[in-house]
Amino acid sequence: MDAPFPEFMNAKQVAEYLDLNEKKVYALANDGLLPATKVTGKWLFPKAMLDKWLLDSCHNGALNDRLLIAGSDDPLLQMVVGDMANKLGSTALVGYTSTGTRQGLSMLSKGHVDMCAIHWGHAEEAALRHPALLQQYAGHKNWVLVHAFERKQGLVVSQEIAECVNNRSLMPQELIASRWRWALRQEGAGSMRALGEWLHNHAYTVDMLTSVGVCHSERELASAIARGEADVGCASQSTAGEFGLGFIPLCTEAFELVIPKNIYFRALPQQLLQALADTEVQGKGDKLGGYQFERTGAQMWSAK
């Protein structure tokens, strides 16, 4: 009887296990398409993840009943995912965790989640910035980038501060002064990228702000401002609208979804994309404020 395959296999063992040429195993690993890790210069392949990879490949993943989303935070996407989870009940697992853009991409590249939401700068630059960002991660050759919507990004403040800005008794850049308390996002979040660029234009850095702490979601940031624990933070207009807060726009950004090609046509990802294109859902986005849906569902990039 043949010896069982070990928990961690080398390329030769994987070639035998999958009935592939050993060179093909190395090619798949280098392209990030095969679950693997490099230790002291040699590839090791976890058998458990190889088995999962095989199952996910069956029937193009059409029978899979899980959709885990990580990455950038957004109130409308949270609403859509929550509605899906409620309707699906116990028939499928649907979840959305706000991790920030970079951590979400790292989790996607390791196979921990099925989809990642990203935003990384001004909308007019997204066609260059987003693909350049994705190509920094293993597995990007198996990813497709889908446009969800555009949204307004800016400073979330109390209504009192917003009124002062509107009547020009306070300029937005004056919020950099030390007396204003800032709620910040974690490193790698798209909101921190937007804030850093705005501060740079005013010859400031994040380190020069009076910070009251790091928030790991837009809702946590808005909640801190609503409770009076902070005066200002960087997030979307829809987040400000959800909490009844004031908003000072800085830019329009593209909010997009990164989806592995082998699960793109599964029922759950397609259901999510269809929900974002639904006129009733988009109406809810209009009430929150700051959304544009002209290109919702369009494929923006895919590795050749």
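Data block above holds the structure.
Q: Please provide a residue-by-residue account of the overall build of the protein chain, values included.
A: Along the protein chain, the regular secondary structure elements total twelve helices and 13 strands. Buried positions account for 50% of the 304 residues belonging to the protein chain. Across the protein chain, every contact between residues at least 6 apart in sequence was considered, and the portion connecting residues at least 24 apart equals 73%. Taking the average location of the 28 positive side-chain charges in the protein chain and that of its 33 negative ones, the two points are 5 Å from each other.

Q: Now, about the pairing of strand 3 (residues 42–46): what can you tell me, with residues and values included?
A: Taken together, the two bridges between strand 1 (residues 8–9) and strand 3 define a ladder with antiparallel strand orientation. Looking at strand 3, one finds that M9 is bridged to F45. Bridge count between strand 2 (residues 37–39) and strand 3: three bridges; the pairing is antiparallel. Looking at strand 3, one finds that K38 is bridged to W43. Between strand 2 and strand 3, which pair antiparallel in sequence order, lie two residues; one of them, T40, sits at a positive phi of approximately 50°.

Q: Describe in detail the nonpolar core, supporting the description with residues and values.
A: Formed by 31 residues in total, the largest nonpolar core has its most connected members in L77, M84, F149, L257, I259 and L272. Elements represented by at least two residues in this core include exactly strand 4 (66–71), helix 4 (75–88), strand 5 (93–98), strand 6 (115–118), strand 7 (143–157), strand 11 (246–260), helix 11 (267–276) and helix 12 (279–288). Top contributing element to this core by residue count: helix 4, with six residues. Once residues lying within four places of it in the same chain are set aside, the contact partners of I259 are M115, N142, W143, V144, V146, Y264 and L273. Listed in part, the 21 residues of the second largest apolar core include L155, V157, W180 and V232.

Q: So, helix 7 (residues 159–166): which residues are in play, and what are the values?
A: For helix 7, the full list of buried residues reads I161, A162 and V165. Along the axis of helix 7, the buried residues cluster in a sector spanning 100°; they form a single face. The exposed set on the far side of helix 7, more than 90 degrees from its buried face, consists of E160, E163 and N166. Its buried side turned inward, helix 7 meets strand 7 and strand 11.

Q: An account of the side chain of S158 is needed here, citing residue identities and associated values.
A: Considering the arrangement of structural elements, one finds S158 in the loop between strand 7 and helix 7. There is a polar contact of 3.2 Å between the side chain of S158 and the backbone nitrogen of I161. If sequence neighbours within four positions are ignored, S158 has contacts with I225, D231, L245 and G246.

Q: How would you summarise the environment of V14 if you had to cite specific residues and measurements?
A: You can see V14 is positioned in helix 1 (residues 11–18). For the pair formed by V14 and W198, sequence separation is 184 residues and the distance between their alpha carbons is 49 Å. Once you skip the residues sitting within four places of it in the chain, V14 turns out to touch M9, D19, V25, L34, F45 and L50.

Q: Outline helix 12, listing residues and values.
A: Among all positions in helix 12, only V281, Q282, G285 and L288 are buried. Looking straight down helix 12, one finds that the buried residues subtend no more than 105° of arc, so they occupy a single side. Of the exposed residues in helix 12, the ones pointing more than 90 degrees away from its buried face are T279, E280, D286 and K287. Here the buried face of helix 12 lies against helix 4, helix 10 (237–242), helix 11 and strand 12 (291–292). Where helix 12 begins, one side-chain oxygen reaches toward the backbone nitrogen of E280, 2.9 Å away; that side chain belongs to D278. Where helix 12 ends, the next residue or the one after it, G289, has phi of about 100°, a positive value.

Q: Provide a residue-level description of the packing of helix 4 against helix 12, including the pertinent values.
A: Interaxial distance between helix 4 and helix 12 falls to 10 Å at its minimum, and their mutual angle equals 145°. The element helix 4 and its partner helix 12 pack so that their crossing is right-handed. Residues P75, L76, M79 and V80 of helix 4 touch helix 12, and the partners they reach there are V281, K284, G285 and L288. Class assignment for the residues of the contact of helix 4 with helix 12 results in six nonpolar, one polar and one charged.

Parameters at a glance
- Residues numbered from 1 in each chain as written.
- Predicted model: local features only at pLDDT ≥ 70, side-chain atom pairs only at ≥ 80, totals over all residues.
- Heavy atoms only, no water.
- Helix = DSSP H or I, 4+ residues; strand = E, 2+ residues; numbered from the N terminus.
- Buried < 20%, exposed > 50% of the residue type's maximum accessible area, 1.4 Å probe, protein only.
- Contact = heavy atoms within 4.5 Å.
- Lys, Arg positive; Asp, Glu negative; His and termini not counted.
- Charge placed at Lys NZ, Arg CZ, Asp CG, Glu CD.
- Pairing = 2+ DSSP bridges.
- Core = buried A, V, L, I, M, F, W, Y, C linked by side-chain atoms within 4.5 Å.
- Arc of directions from axis to C-beta.
- Polar contact = N/O pair within 3.5 Å; in protein donor to acceptor, adjacent residues only side chain to side chain.
- Axes fitted to C-alpha atoms, helices over the stretch in contact; angles between N-to-C directions.
- Left-handed = near helix turned anticlockwise from the far one by under 90°.
- Nonpolar A, V, L, I, M, F, W, Y, C, P; charged D, E, K, R; others polar.

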